[in-house]
Amino acid sequence: MAKYLIMVSHGDFAPGLHSAVKMMTGDRPDVLSTSLKDGMGADEFQENFRNLVKDFTEEDEVILLADIQGGSPFTKANEVLGETGLISRSLIITGMNMPLAVTAVLMKDNMDLPMLKEVILSEGHTGLSCFEVTVDDEDDDDL
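Residues numbered from 1 in each chain as written. Predicted model: local features only at pLDDT ≥ 70, side-chain atom pairs only at ≥ 80, totals over all residues. Heavy atoms only, no water.

Q: How would you sum up a nonpolar patch on the surface? Please name residues and give values.
A: Nonpolar side chains collect at one region of the surface, where F131, V133 and V135 lie side by side and expose about 390 Å² of accessible area between them. Mapped onto the elements, F131 comes out in the loop between α5 (113-126) and α6 (137-140). (Patch = residues over 30% accessible without salt bridge, like charges linked within 9 Å, V, L, I, M, F, W, Y side chains within 5 Å. Areas by Shrake-Rupley, 256 points an atom, 1.4 Å probe, with all protein chains shown as cover. Salt bridge = Lys/Arg side-chain N within 4 Å of Asp/Glu carboxyl O. Helix = DSSP H or I, 4+ residues; strand = E, 2+ residues; numbered from the N terminus.)

Have a look at this one:
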């Protein structure tokens, strides 16, 4: 049994995030990505995704990270997971970001899918923050 992480998105987001994650976690054959590129039809994306998972077995597990829920990459990937019988052995997360993806890659082999879900969602939420910039107006008086 293998546990795969697949990132899907519109445009170059998933391949770009995959590239950034590789810089932090190394190149891993169990981490994959594909995207719906500008001008590509949803059926072509679906066929690309189908080819990506064609060698997965019924014992394998999938962590699917998608850019947005309800978008074509999300829906078409889920259709393929359903066709192949992998949907029941999948963890599907939308709104992917860098902290979530890195944590998923590093922790996926150390815990079951329900526990992994809690950990990566927590990291994804923690990764969202507002950086506050404060200006010291007193320094401006000296100009």
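Q: Talk me through the pairing of strand β2 (residues 31-36); I want residue IDs and the actual numbers.
A: The element β2 is largely enclosed, with a buried count of 5 among its 6 residues. Here strand β1 (residues 3-10) runs beside β2; their pairing, made up of 6 bridges, is parallel. Its bridge partner being in β2, M7 is matched across the sheet by S33. (Buried < 20%, exposed > 50% of the residue type's maximum accessible area, 1.4 Å probe, protein only. Pairing = 2+ DSSP bridges.)

Q: Could you give me a rundown of the nonpolar core, with the residues and numbers involved?
A: Counting residues in hydrophobic clusters, the biggest one holds 20 residues, and the most contacted among them are L5, M7, I63, L65, L91, L116 and I120. Counting residues per element, the ones that place at least two in this core are β1, α1 (13-25), β3 (61-66), β4 (90-94), α4 (98-107) and α5. With 5 residues, α4 is the single largest residue contributor to this core. If sequence neighbours within four positions are ignored, L116 has contacts with I63, L91, M107, K108 and M111. (Core = buried A, V, L, I, M, F, W, Y, C linked by side-chain atoms within 4.5 Å. Contact = heavy atoms within 4.5 Å.)

Q: I'd love a proper account of the environment of M107, names of residues and values included.
A: As for its position among the elements, M107 is in helix α4. According to the relative accessible area criterion, M107 is partly exposed, its value standing at 28%. With 13 residues separating them in the primary sequence, M107 and I120 have C-alpha atoms 8.5 Å apart.

Q: Before we move on, can you summarise the side chain of N78 with the specific residues and values?
A: Among the secondary structure elements, N78 is positioned in helix α3 (residues 72-83). Once you skip the residues sitting within four places of it in the chain, N78 turns out to touch L64, I87 and I92.

Q: Can you lay out the packing of α4 against α5 for me, pointing to particular residues and giving the numbers?
A: It is the contact of α4 with α5, at a shortest axis distance of 7 Å, that shows an interaxial angle of 150°. Taken together, α4 and α5 sit at an angle that is classed as roughly antiparallel. Of the two elements, α4 crosses α5, and the hand of that crossing is right-handed. Taken together, the residues of α5 that come into contact with α4 (itself represented by P99, L100, T103, A104 and M107) are L116, V119, I120, E123 and G124. Among the residues forming the contact of α4 with α5, the class breakdown is 7 nonpolar, 2 polar and 1 charged. (Axes fitted to C-alpha atoms, helices over the stretch in contact; angles between N-to-C directions. Parallel < 35°, antiparallel > 145°, perpendicular 65-115°, else oblique. Left-handed = near helix turned anticlockwise from the far one by under 90°. Nonpolar A, V, L, I, M, F, W, Y, C, P; charged D, E, K, R; others polar.)

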